[in-house]
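Residue-level structure breakdown
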Amino acid sequence: MSAELTSSQAVTGRPLTAGQRARMRARLVDDLQEARNLETRLRHDVADGIASRRGSTNDEVDDPEGANTAFEGAQSNAMVQHTRRHIDEILAALVRLDVATYGACERCGGAISKPRLDARPAAAYCIACAA
């Protein structure tokens, strides 16, 4: 049996079996660990960038590399925030799994399609509501 909902379950909204829940939980937990590892690496990169500029007398406005440094810092911070949101989405999906609402759209209550859950296991909305 696959780790995700079968097509009939995604269409009819039948509850997951215990085995399907266990496999989906394992997938979400793996995704969560990967996201947390990425967040840690990104936060270290941001901290390293800040530390490398500490004590510098260069003014980013006059420094030819200043704009690149500022852009890279902003980009790294945006990546940290994006990763943090993804972690929150995974945690919410684990809660939905626990309370047996996983696979149901949080907006309309309809079933989230199997292909969507295969692609984004933490998806909280069906395609129509996510658009």
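To keep things clear, this report deals only with the structure shown in the data block. Since the structure is predicted, the reported quantities are computational estimates derived from the model, not experimental observations. (Residues numbered from 1 in each chain as written. Predicted model: local features only at pLDDT ≥ 70, side-chain atom pairs only at ≥ 80, totals over all residues. Heavy atoms only, no water.)

It is worth spelling out the pattern of salt bridges at this point. Applying the stated rule across the entire model yields seven salt bridges. Measuring nitrogen to oxygen at the nearest pair gives 3.4 Å for the salt bridge that ties R84 to E39. In this pair, R84 is assigned in helix α3 (residues 66-98) and E39 in helix α2 (residues 18-53), connecting sequence segments 45 residues apart. The exposure class assigned to R84 is partly exposed, which follows from its relative accessible area of 28%. Since its relative accessible area comes to 9%, E39 is described here as buried. Of the charged contacts, one joins E106 and R96 as a salt bridge, the two residues approaching to 3.3 Å between their closest N and O atoms. With E106 in the loop between α3 and α4 (114-119) and R96 in helix α3, this residue pair connects regions lying ten residues apart in the sequence. For E106, a relative accessible area of 47% corresponds to the partly exposed category. Judged by its relative accessible area of 6%, R96 falls in the buried class. Each of E39, R43, R84 and D88 takes part in a single network of salt bridges with overlapping partners. (Salt bridge = Lys/Arg side-chain N within 4 Å of Asp/Glu carboxyl O. Helix = DSSP H or I, 4+ residues; strand = E, 2+ residues; numbered from the N terminus. Buried < 20%, exposed > 50% of the residue type's maximum accessible area, 1.4 Å probe, protein only.)

It is worth stressing that arrangement in space is one thing and function is another; only the former is reported here.
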